[in-house]
Structures are given as C-alpha cells and as structure tokens.
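Analysis of the macromolecular model
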Amino acid sequence: MLPDQAYEALIDAVGQENVSREPVVLDGYAWQPTFNYNPELWMERPSAVVLPGSTEEVRQTILVCNEYGLKFKALSTGWCVTAAPWCEGVVILDLRRMNRILEIDEKNMYVVVEPCAIGAQIQAEVMRYGLNIHMIGAGCISSPLASATSFMGHGWDGIYMSYSPRNVLGVEWVLPSGKVLKLGTPGSGLGWFSGDGPGPSLRGIMRGAIGACGGVGVFTKCALKLFNWPGPPVVEAEGLGLDTKTELPQHFKVYLCFLPDWDSFADSMYEIGEAEIGYIINKNALGLLLSVIFPRLTRKIAKRKAIKETVDVLKNEFEIILAGNSEREISYQVEVLEDIISRNGGFLFDLGDNPLVGIFWWGLVRNYAPPILFRPGGQFMTLFGSDDSFDSQVTAARLGERIKKEWLEKDLIYDDLGDTSWMHIFENGMWGHCEVPFIFDPRNRRQVEAVMPEAIESVMASLEKNLGVGMLAMEPLIRKIASPMQGNYNKWQKEFQRIIDPRGAADSALYTGEAEIDLSTIDPNKLQKMTEIIMKNLWTESGPPR
Amino acid sequence: MTLADYERDMAGCSRCTCCKWSALSQIKSWRYAKNCPSVTKYNFHAYSGGGRLTAGLSIIKGRSELTEGVADIVYKCQLCGACDTACKIYRDDIDINEVLLEFRADCVERGQLVLEHMLMIDALKKEDNVLGEPKAARDKWAEGLGLKDVNKQRADVLLHAGCRYCYDKDLWPSIRAAVRLILSAGINLGFAGKNESCCGGRAYELGYRGEAEKYADDMLSRVKASGAITLLTCCADGYSHFRYLYPRMGRKLSVDVVHITEYLIRLIQAGRIRFQRKVPLKVTYHDPCHLGRMSEPFIPEWEGDKLLRPSSLKRAGRGGVYEQPRAALRSIPGLELVEMERIREWSWCCGAGGGVYEAYPDFCFWTAMERIDEARSAGAEALVTACPWCVRAFRDALEQAGEAFPIYDMMELVAKSIGIPEEEV
Ligand SMILES: Cc1cc2nc3c(=O)[nH]c(=O)nc-3n(C[C@H](O)[C@H](O)[C@H](O)COP(=O)(O)OP(=O)(O)OC[C@H]3O[C@@H](n4cnc5c(N)ncnc54)[C@H](O)[C@@H]3O)c2cc1C
Ligand code: SF4
Ligand code: SF4
C-alpha cells in the first residue's frame, strides 16, 4: 500500500484526478495476459498509477518516487506483459495523456511525437503530406515511440521503412534520477533531425536490440523518420476488419507469391532485397491465416491429412506490395518481381481487382488486423525472433515447425495446421526476422501452463543452432540461462544500469533481472538435453566456449 | 445471468486496447481517432471497455471490493456500445455490453447506488417516467393533433412517444411533425395518451432490473390490448430497448417494431409522402448509439465456449439502423449531407446515455461538445440526429458552453421539406 505522504506528493506532482490507488484501477495494470508466462496472468499490482500530462509531470513523479524509495515504470498503450509491474510496489506512469503529434517536418521527413500517439493516428496525419511511418507488426494500435525507444520494432514494411530502433532520431528521456537528457540534435538545441548528434549519441545504450522495457527511465518525446507514400492522402475504405473493401490506388500492385520450398523462398527474399523493389513484404503462416478467417472451420478440418498436406505445399508463401511513383517505376518493379519468382520456380497471383485486395493492401499498409490473432483461441505466444541473415530465419522456421508439431500432438495449442512462421526482410534483405506463433486459450489452464516450457524449448533449440535467444531475451528466466551462454551480456548491461540508474529506481526486471526456472515444469528428458546445451555453450572467465 | 457468468468473457481480454479507439481501418485524423468517451475523459485503463472487464474479473475473483470507486467506474459510462463494436471487429468470444449491464445490476443489488439514479427510479415509480414529470401531463404534447387514443379506438400503428418527447417541450415540434406526416399519409395511427408509460429501458440500464421488468410487462400488455400490428417509436432509446433489452429480459413484443426513420423510408418508397420544399443546408448526421449499434436485435447468450460461436450469432453493431436516416436526408431537396469521421457503428456518442446525462452532466456535455467539434470540422452548418436524448444533450452542452450551432431532430427538417407550417407543429 502506498504511504499517504507519497500519495499526497504524487497528487502535488500531477493533480488529484491523475493519481489512483483504487485497487480495481490498479488491477487494470496488473492484468496482462499477452505474452505472459505466468499461468495466473495477473502480474504484481502496482502501488499507484499516475497519468502525467507533460515531461515536467513525469519528472516530478520520478522525483517523488526517488524521495519515497518507490520503483516506477512507464507504459504507452500497455499492450503486453512487458508493460506490467514486475516487482512489488511499482508506481505506474500511464502516459495516455501525452499523446500529441508535436511536429511534422515534411521537407526533412520526420515527425515528433509523444508516447501515446498511436500508429494509426500518426499515419493518418502524415499521409496528407505524401509520407508514411513504419508500423510494427503489433499493428497501428501501438505506440511508435514505445517501439522506437523501448521494445522491439519489427514490421512488414521493413523492406522499405527499416525498423523502429533505426528510425528514431532525437529523443527526450527522463532518467531515473529525474534529470532530462536529450539525445542527438535536440541535445544541442538544433532541432530533432538526428539521433546521433551534434549532441549525445546514446541510441544503443538507450535500447539495444530488444529494448530496456521501461528499465532505464521514461521517454517523453522522440522524432521518427518518415518515408515516401505514393498513395492517396486519405484512404477511403469500407468495412472494419476482414471485410474491408477499398480500391487499389494507381501505381500499387499486390501479389501473393508461392515458392516450391524453403531454399527458393529464401533466395527470392534475398533477390527482392537486392533489387530494391517492394514496399511491404510479409510471409504469413497460411494455416494461421485460415484460422483467423475461418476459426471454427479450421478446427473442424485441421486434422484432415489432405488439408495439412495442401497447406504444406503452399506454405512457402509471401505477400508483397509494390508501390511506384510513376507507371514506369511500377512496371519496372513488376517485371523484376516476375523474373525473380519465375527463376526460383514459383508463381505469383495478382490480387488486382480481387475483393481480397482490400484486406491485403490496406490491411497491411494501415496494419489494423493484428488483434485478429486472438480470434481463434483468445491468446497467442510468439517465439524465436533473433534478427539475422534470412537463411538463419529459415532455420528458425524449421525448428518452429518441429516444436509446434510436438505441442499440437499433446493438444496444448490450437491447431492452425501446424504452419509456422511470420517472416520479413529488412534493409535490402541484409537481415530478416522470423516469429513462430502458438495459439491457445488463456482460460484453459493446461494450455496456459504449457507456455513457459514451449518458450524454453524454443530458446534451447535456438541456442543449439546458434540463433540467439531472440525476443525472449528480456525475460528474467531466459536471461538467467542465456546470458552466460552469450558473452555474459547481462554483466555489461548491469554496468550501464549502474550509471543510468544507480539507485535502482526503475522497475528493471526486464532489463537486467534474472530469475530461477522451476525445473519441475520441464520434461526430464528435455532437461537433460538443456543441461548439455548449456554446458556446451557456457562462457568462462577466459572467453567463449571452444 | 450475473457478472460471474461472464467470467470467460472477462478473462478473455487480451488488453489490446482496441476498445479505446475508433475502427482502426477508419481512422482519418489524430483528432477524431478515439471512440470511448469514458476513457478519453478519465484516462485510467479501468474506464475503458476492456478495463471494466478487468475490474469485473478482479471483483468476482475476490481481488477487489465493490467500493464507491468501483461504482464511479461502472457508471461513468454511457453504455454507448462503441467498445463492444471495436472489440468484436476482432473477437467472437467477448461481449463487453453484456458485462457492463451485469456490472450495473451487481452494483444495485449490492447497494452501490448513485443518488441521481435513485431519484430517477423514484420518479419512475411515482409518475411512470424518468424525468419526474406528472403522469397526468404525458399526453399534452399531442394536443390538437387528432391522434386516436388506443384505449378507446383500434389503430394499426401504435406510437410510443417515450418520456423525453412527452415532456421536453423543445422537442414537441419534431414529434408533432412526425405525427402530422404519418396521418397525412393516411396511416391509422394511435397512441396511449396518459396511459403511456416509460418503456423501462433506462431502469434496466441503470441496473434496476425489477423496475425494468415491471415496465416491460406493462408495455407488452398495452401493445397487446391495442391490437396494433406495428409499434412505432421516434425515441431511439425506446427502439433499442424494444429490440435488445426486452428480449434480454425474456420479453418479446409480438409486433413489428419500427423507428420513425425506417417508417419514413417505407412511406417514401410507397409514394405516400414526398419532399417538395428545398432545405438549403449542409448538414452532418449523428448516428445515435441506440438507433445504430445498440439497436441491433438481441441474440440469445451462446451456451458454452464462445470461441465456437459463429460470427453471425454475435451482436457486433452491424445490424443497427444506419442507412435509412441517411437516405431520408438525401431525399430532401437542397440538403447536402456531409459525413463526420466517426460514423455508423464506429460513431462517437452524444454523451447522454446510461444515466450519464442525469448523474454526470459535465461528462455528458464534454462528450457532446467533442461531437459538435467534429461536426464543425466536417464542414457542416448543422448537426441532425434522430434521437431526443441526443438532441437534448447537444443543445444543453452548447448552452452550457455559451456556443451556438444548429442541432436538428431529423423530423424538424422533414417537416420543413414536406411543408408542414411551423405553427401546426
Ligand atoms: C499481439 C502483439 C504482436 C506484436 N508484434 C510485434 C511485432 O510484430 N513487432 C514488434 O516490434 N513488436 C511487436 N509486439 C511488441 C510491441 O512492440 C510492443 O508491445 C510495443 O512496444 C508496442 O507499443 P505499446 O504502446 O503497446 O508499448 P507498451 O506496451 O506500452 O510498452 C512496451 C514496453 O516499453 C516500455 N515503454 C513504453 N513506453 C515507454 C516510454 N515512453 N518510456 C519508457 N518505457 C516505455 C514499457 O514499460 C514496456 O516495457 C507485439 C505485441 C503484441 C501484443
Ligand atoms: S475488451 Fe476487447 S478490445 Fe478491449 S482490450 Fe480487451 S480484447 Fe481488446
Ligand atoms: S460503453 Fe461507451 S462509454 Fe462505456 S466503456 Fe464502452 S465505449 Fe466507453
């Protein structure tokens, strides 16, 4: 329970109506079922929630936390377990009131935003200027500032718009001491256009690959790169979800491409990247696509061998959106794509006037569909996600296929025909991303309890193939196992933490925390294998394992 | 059903927050991107649709007590249904609307009451209306119209005027225009005069189930006794209650239930009325929640796992009345209809619903002014709607803000175009 004096001080900081310690209100921040390994699905109840409306109010809140020895954590939209308190007594800063778009610099192609301007809002505004913003795979419902500064940042437009940590320019950061640090050009009072100076250049320390998940302070503003948008300033669409209908604008094409196998699939990806064509490219798990569109039918037909075999044949599929500024440019891109796909033995299907073009084009550009993933089962977990060459992503997809099959046989997940991965390429195909989704029902205790063992299994399989730990790197249980096998990275991370947050004011469980795994949840045979993998990969004082 | 019966719905929330936003595929600006008045005003997650699910779960799981603070969360909500529609774009297994209603019934049952609502229910018990006006004056609005009294004569169409139209003099011109118009089309129309009572829907929304059922039974017997084959209402609230709440209470009207905007289109299509005069005005149409998404007919609770419920058996807001009011407006010569960004099932509420107008007027007026701002930004010279509660909320909000913007009940514009003289209505 938050002491009265601290409560009063928080009220002084942000105003009475913006502080709560009502248990039901607090539970709104403790309930975090998405990507939660804890079968209870409730995380720690915070000791208070505050709604700061400005950088100064964030600063004042942090000063109060420092004065009363409270931990704090910020969230933007708060869509997944990383936004929850991971220890007792945390003061949550819900940044909902800081939701403005502060500046759109058309000429220099960037936008300055606060934490709770969501992707859909920013996109709608910048499209009027012929510009677009990178949208993460979680969809336009999430905060671009959050993914740029604090967590992940991948999406299917990566081929054209890269990925959030690369797109972040100037940043305003309230450190756990309450001091305001401005990264890049804003640090020298020169505007927002660069994240690397003149001014402090600390982007890597700010977040690294996965992000510090609220463990290093609060990001209150940032500038994000914008990209060319050759489409209409306002897109008129009919329908709200999978029923969306819209006309494909001039100089856009949408294709479904099918390749015969993983190798030709990977080669096509590399070639598309090298050819510098494409606006959006996404490998969807075909079975998953069927599951979200026809969740009940898929349940009925999933066990049929013929259906599984068909999906297996068609699984090396991706969607690609081409966008050109002129007829000449789009024709060129079409020719190049046709050439790549045919040389790799595949075929492509032009969605053209097909009614599905609405959901495939606007669905992927606006990216409003991701919450549909919860439709078949109520919840899902996604594994792997180590960013590396596309070939290594194919390895991950194959491993995922194997693990998924096993869990399906145990009836621990929804049967989405066992199809595995979402994949995209970034930056001319220089690297790729692969995630393997597992759908389950959060109200089914057996299935929820299987999540952690699934995750551990995927991490072990990844490490065995030198794929890294991927998205799970922020998880304290996983960090405890993975860090000693990966150069003891957490040791270094803790060094940064000592400088950024000497008092340990931020809830940093997802930044540097380590926790013990309950070994009893792991199958004894797998445990043995896991021990072998760990022993083989352990770093010693003198360096990496030989 | 009780709150606890919806545990699976509540435990299914993934906290995606779609219930705080307008349909994501339809967002066209930063300014008009939100859909939930409650969380937009009060900001804590608990004030959203999903947040209320979590609050309910917290209570049934014994993590929290049902305090005054919880009642504040439960009642600072218009029951506008925007969250439910937004969630159901993606989900088949969560019925937010049902949880919100059960939460209110739970509050009433366990004594977490709101003073203003208690006064409404007292007024209802005494005078058969939620405004506390005398029962004996319920038919005053219809003076001189020559409407048949169904207590004495048979009518094919029974008009249920509803509490707001009966007592709000400012709105009498529109309901009187509706009656004039229907009579002029030669329809055998009647009303129950002083014997008309509240439909009971508001009591149900406030959580007072017993009162609501009593008034629903009363309505059912009145309709039956009248021998009418159609129940016509100009009140969007009443319309929604007849189609959604009555069957939810296990009460079914055995007549055709029609809203005036639907009836208007029927008359136009049958060639029984024609708009003749020009109404040179650029208007925008506000979809009343109770005529739009909340009027979608009731669908019985799915037994068992809702993941197995076909989409056709979930109420997702699509079955509301959206086209008819627009079609009627489009057929008025000289009138130009421009659309706001949040329309149809992703429309923003006027602020009045769910007992908010009575208990939290400032919240109601803030919500209404948000909408008026949107109407202005759409380039409209006036806002038209088809619900007396919406008209009241908009006009009061403007008055409180000291601002002017024309607000029309649709029937007022229809009367202008048909050429019914103002003094006659
Ligand atoms: C269904 C689903 C699919 C997803 N798919 C993808 C994907 O394809 N690609 C991808 O990149 N990510 C994905 N994610 C993860 C997503 O990137 C994060 O949830 C993301 O940060 C979204 O923004 P948010 O507004 O929800 O952030 P929040 O949930 O609010 O925050 C995410 C983390 O960042 C911290 N944080 C947020 N804002 C601040 C701030 N201003 N200052 C300090 N710390 C802050 C929070 O403490 C939390 O740890 C997915 C998530 C979900 C739930
Ligand atoms: S209620 Fe529905 S839309 Fe709202 S957060 Fe929960 S799952 Fe998402
Ligand atoms: S019913 Fe309306 S006001 Fe209430 S939570 Fe849902 S969207 Fe918000």
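Look above for the structure.
Residues numbered from 1 in each chain as written. Chains lettered and ligands numbered in written order. Predicted model: local features only at pLDDT ≥ 70, side-chain atom pairs only at ≥ 80, totals over all residues. Heavy atoms only, no water.

Broken down by element type, chain B carries 18 helices and nine strands. In summary, chain B has a C-alpha radius of gyration of 21 Å against a globular reference of 22 Å for 425 residues, a match within 12%. Looking at chain B as a whole, 68% of its 425 residues are labelled buried. Long-range contacts, defined as pairs at least 24 residues apart, comprise 79% of the intrachain contacts of chain B with a sequence gap of at least 6. As displayed, chain B offers around 13900 Å² of accessible surface, 49% of which is attributable to carbon and sulfur atoms. Within chain B, the 58 negative side-chain charges are centred at a point lying 3 Å from the centre of the 58 positive side-chain charges. (Helix = DSSP H or I, 4+ residues; strand = E, 2+ residues; numbered from the N terminus. Rg over C-alpha atoms; globule rule 2.2 N^0.38 Å. Buried < 20%, exposed > 50% of the residue type's maximum accessible area, 1.4 Å probe, protein only. Contact = heavy atoms within 4.5 Å. Areas by Shrake-Rupley, 256 points an atom, 1.4 Å probe, with all protein chains shown as cover. Lys, Arg positive; Asp, Glu negative; His and termini not counted. Charge placed at Lys NZ, Arg CZ, Asp CG, Glu CD.)

The interface of chain A with chain B comprises 66 residues on the first partner and 55 residues on the second. Contact between chain A and chain B buries roughly 4900 Å² in total, counting both sides, with carbon and sulfur atoms accounting for 56%. When the buried area of chain A at its contact with chain B is split by residue, R96(A), L240(A) and R443(A) rank highest and sum to 18% of it. Applying the counting criterion to the chain A and chain B interface returns seven salt bridges. One salt bridge in this structure joins D92(B) and R375(A), with 2.9 Å as the shortest N-O distance. Elements with a contribution of two residues or more to the side of chain A that touches chain B: β1 (19–20), α2 (23–30), α4 (119–127), α11 (295–301) and α14 (357–367) of chain A. Looking at the side of chain A that touches chain B, the element that brings in the most residues is α2(A), giving seven residues. Residue composition of the side of chain A that touches chain B, by class: 33 nonpolar, 14 polar and 19 charged. (Buried area = accessible area lost by both parts, 1.4 Å probe. Salt bridge = Lys/Arg side-chain N within 4 Å of Asp/Glu carboxyl O. Nonpolar A, V, L, I, M, F, W, Y, C, P; charged D, E, K, R; others polar.)

Attention shifts here to the site of ligand 3. Residue and element names in this part refer to chain B. Close contacts around ligand 3 come from 13 residues, with C36, R52, C77, C80 and C83 the closest. The set of elements that each furnish at least two residues to the shell around ligand 3 consists of α2 (37–42), α3 (49–60) and α5 (82–88). Among the residues making up the shell around ligand 3, the classes are represented as eight nonpolar, four polar and one charged. (Near = heavy atom within 4 Å.)

Turning our attention to the packing of helix α11 (residues 209–226) of chain B against helix α12 (residues 236–248) of chain B. Residues and elements named next belong to chain B. One can describe the packing of α11 onto α12 by two numbers: an axis separation of 11 Å at closest approach and a directional angle of 115°. Seen from above, α11 lies across α12 with left-handed handedness. Contacts between α11 and α12 involve R209, Y215, A216, M219 and L220 on the former and, on the latter, F242, Y246 and R248. Taken together, the residues that form the contact of α11 with α12 break down as six nonpolar, no polar and two charged. (Axes fitted to C-alpha atoms, helices over the stretch in contact; angles between N-to-C directions. Left-handed = near helix turned anticlockwise from the far one by under 90°.)

Limitation: the analysis is restricted to geometry and does not speak to function.
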